Amino acid sequence: MDAQKAVEEILEAAKPVTVTVDSRAALVEDCNKSGIMVDADLNISSKVKEEHLDNLANNLRSPILKMVVRKALRKYS
Amino acid sequence: MFDKNQRYNNVDPLEVADGVFHLGVQDEKNTFNNVPYMIVDGDEAVFIDPGSAKKEFYDVVLTKAKKVIDLKKITHLIVQHQDPDLCAALPLFEPLVSPNCTISAPLEATVLVQHYGLQSDVAALEDGDTLEFGNGRTLVFAMTPYCHFVGSMVTYDVQTKTVFSSDAFGGFTPDNLLWADNGNYPEQLSLFLGEYLGSKRALNYAVKRLELLNADSGIELICPQHGCVIPKELIPVYLNAAKDLQVGQQIDTLAKKHGITLTDIN
């Protein structure tokens with residue numbers, strides 16, 4: 001699986017459902033906690049490995065974003 | 001002309017068409033806003049999908065509903081399928097509305113809706129049934145089976161050409177924008193419908209039924225139970241988005257996980 005591409009796609013898909021300051025901040029926090037460094041515009045500044053993607057799937061608090069991940073994983077797994 | 005940046009709050013109902021009131025509640029935490037609608041004509045009102053029993057949702061809807069009309073003038077409570085986000089408030093509203101109020105749902109949903117603890121019986125609606133206000137304003141009920149439950153329907157207000165679409169054309173919306181646009185809402189809608197619908201065939205039927213309704217009678221507005229209201233000029237955009245949607249993919253994910261082979265019949 002290309003974890004980098006998968007996360008890029010996840011973050012792109014997450015943009016329309018994280019348009020409020022709080023929801024975007026929560027996503028950034030969940031990404032960073034998973035080992036994926038992102039800024040407030042959801043640009044990735046670190047190399048993404050598969051383990052980071054697994055971490056992200058586990059760490060996301062928003063059920064909607066978990067669905068975004070699930071959708072991306074279908075494509076990339 | 002509508003203001004595309006118009007937002008709703010937790011206090012004031014918004015009239016989106018003549019006598020059609022949006023009583024939406026923002027659910028920022030889950031990006032899953034909940035939108036009941038009230039149709040008022042003369043001295044009576046129909047309440048569509050009255051919403052959740054969760055206090056922070058119910059309180060908002062109750063506040064807004066009281067601003068629209070004396071609740072005793074609500075003569076019909078309509079639920080378009082049986083899910084708790086649109087039905088659970090039924091037993092809370094039941095004692096507040098007209099003592100002669102009828103509660104109606106699609107036939108297959110009636111046997112489930114009763115379990116919310118209603119005192120009244122739930123009347124069954126079938127495809128093509130109508131409801132007429134005292135002065136002749138008519139609502140038409142169109143079944144959209146398996147979209148996303150066998151007993152799902154949409155409601156068409158003939159006077160304003162408004163479709164109350166229930167979950168169809170809903171979306172995950174983290175903010176409180178009233179109107180759908182061509183920016184974020186297509187993706188918000190696709191994410192919601194793609195994950196919550198299981199059958200492309202069911203979706204195709206619902207879309208074609210709306211296209212038929214549009215061709216025969218015209219649709220000016222689509223009012224979903226989640227997300228944003230879709231204005232006339234964007235209706236073709238969203239009908240096409242629904243046509244292109246992939247649904248039911250979680251079945252394939254789990255089939256792959258468990259080594260199950262499926263024959264592709266739907």
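This text gives an overview of the structure that appears in the document. (Residues numbered from 1 in each chain as written. Chains lettered and ligands numbered in written order. Predicted model: local features only at pLDDT ≥ 70, side-chain atom pairs only at ≥ 80, totals over all residues. Heavy atoms only, no water.)

## Comments concerning the overall build of chain A
Item 1. Scanning chain A for helices and strands turns up four helices and zero strands.
Item 2. Along the chain direction, N to C, the helices and strands of chain A fall in the order α-α-α-α.
Item 3. For 77 residues, the compact-globule estimate of 2.2 N^0.38 gives 11 Å, and the C-alpha radius of gyration of chain A, at 11 Å, lies within 12% of that figure.
Item 4. Seen through its C-alpha atoms, chain A measures out along the principal axes to roughly 30 × 25 × 20 Å. (Helix = DSSP H or I, 4+ residues; strand = E, 2+ residues; numbered from the N terminus. Rg over C-alpha atoms; globule rule 2.2 N^0.38 Å.)

## A closer look at the side chain of B:Gln82
Item 1. Relative to the elements of secondary structure, B:Gln82 occurs in the loop between β5 (74-78) and α2 (84-87).
Item 2. A distance of 3.3 Å separates the side chain of B:Gln82 from the side chain of B:Asp83, its partner in a polar contact. (Polar contact = N/O pair within 3.5 Å; in protein donor to acceptor, adjacent residues only side chain to side chain.)

## Digging into the layout of surface pockets
Item 1. Considering only enclosed or pocket space, the second largest pocket measures out at about 260 Å³ in volume.
Item 2. Along the wall of the second largest pocket there are 15 residues; nearest its centre are A:Ser23, A:Ala26, A:Ser62, B:Glu28 and B:Lys29.
Item 3. Those elements that provide at least two residues to the lining of the second largest pocket are α2 (21-33) and α4 (63-76) of chain A. (1 Å grid on protein atoms, 1.4 Å probe; cavity = no way out; pocket = protein on both sides within 12 Å on 5 of 7 lines; lining within 4 Å. Points joined across faces, edges and corners; volume = space filled by probe spheres on them.)

## Quick word on the nonpolar core
Item 1. Judged by nonpolar contacts, the single largest core of 58 residues is most densely connected at B:Phe169 and B:Ile230.
Item 2. Sorting the residues of this core by element identifies α1 (3-14), α2, α3 (50-59) and α4 of chain A together with β10 (153-157), α5 (185-196), α6 (200-216) and α7 (235-244) of chain B as the ones contributing at least two each.
Item 3. With residues near it in sequence (within four places) discarded, B:Phe169 still touches B:Tyr185, B:Leu189, B:Leu193, B:Leu210, B:Ile222, B:Pro224, B:His226, B:Ile230, B:Tyr238, B:Leu239 and B:Ala242.
Item 4. Counting 33 residues, the second-largest nonpolar core is a separate cluster that includes B:Met38, B:Phe47, B:Phe57 and B:Ala105. (Core = buried A, V, L, I, M, F, W, Y, C linked by side-chain atoms within 4.5 Å. Buried < 20%, exposed > 50% of the residue type's maximum accessible area, 1.4 Å probe, protein only. Contact = heavy atoms within 4.5 Å.)

## Digging into the packing of aromatic side chains
All names here are of chain B.
Item 1. Going through the model one piece at a time under the given rule, you end up with 10 aromatic pairs over all chains.
Item 2. Centroid distance Phe 32 to Phe 172: 5.4 Å. Interplanar angle 50°. Geometry classified as tilted. One end of the pair, Phe 32, is in the loop between β2 (20-22) and β3 (37-41); the other, Phe 172, is in the loop between β11 (162-166) and α5, and 140 residues separate them in sequence.
Item 3. Ring centres of Phe 172 and Phe 192 lie 5.3 Å apart, and the angle between their planes is 75°; this geometry places the pair in the edge-to-face category. Of the two residues, Phe 172 is situated in the loop between β11 and α5 and Phe 192 in helix α5; the sequence distance between them amounts to 20 residues. This pair shows no difference in class: Phe 172 is buried, exactly as Phe 192 is.
Item 4. Counting every residue linked through ring pairs, the aromatic cluster contains Phe 32, Phe 172, Phe 192 and Tyr 196. (Phe/Tyr/Trp six-rings, centres within 6.5 Å; stacked < 30°, edge-to-face > 60°.)

## Some details on the sheet that holds strand β6 (residues 102-106) of chain B
Residue and element names in this part refer to chain B.
Item 1. With mixed pairing, seven strands are arranged side by side in an open sheet as β1-β2-β3-β4-β5-β6-β7. Strands at the two margins of the open sheet, each flanked by one partner only, are β1 (14-17) and β7 (122-125). Direction aside, the axes of adjacent strands within the sheet are offset by 30° on average.
Item 2. In this sheet, β6 lies alongside β5 in parallel orientation, the contact comprising three bridges. (Pairing = 2+ DSSP bridges. Axes fitted to C-alpha atoms, helices over the stretch in contact; angles between N-to-C directions.)

## Notes on the side chain of B:Asp83
Item 1. By the secondary structure assignment, B:Asp83 is in the loop between β5 and α2.
Item 2. There is a polar contact of 3.0 Å between the side chain of B:Asp83 and the side chain of B:His148.

## Topic: the environment of A:Lys66
Residues and elements named next belong to chain A.
Item 1. Here Lys 66 shows up in helix α4.
Item 2. Accessibility expressed as a relative area gives 36% for Lys 66, which makes it partly exposed.
Item 3. The spatial distance from the C-alpha of Lys 66 to the C-alpha of Arg 24 is 14 Å, given a sequence separation of 42 residues.
Item 4. Beyond its immediate chain neighbours, meaning those up to four positions away, Lys 66 contacts Ala 57, Asn 58 and Leu 60.

## Structural notes on the interface of chain B and chain A
Item 1. Taken together, the contacts link 16 residues of chain B with 16 residues of chain A.
Item 2. Between chain B and chain A, a total of about 1600 Å² is buried, with carbon and sulfur atoms accounting for 57% of that surface.
Item 3. Applying the counting rule to chain B against chain A returns two salt bridges.
Item 4. Close ionic contact of B:Glu195 with A:Arg74 constitutes a salt bridge, the shortest N to O distance being 3.2 Å. (Buried area = accessible area lost by both parts, 1.4 Å probe. Salt bridge = Lys/Arg side-chain N within 4 Å of Asp/Glu carboxyl O.)

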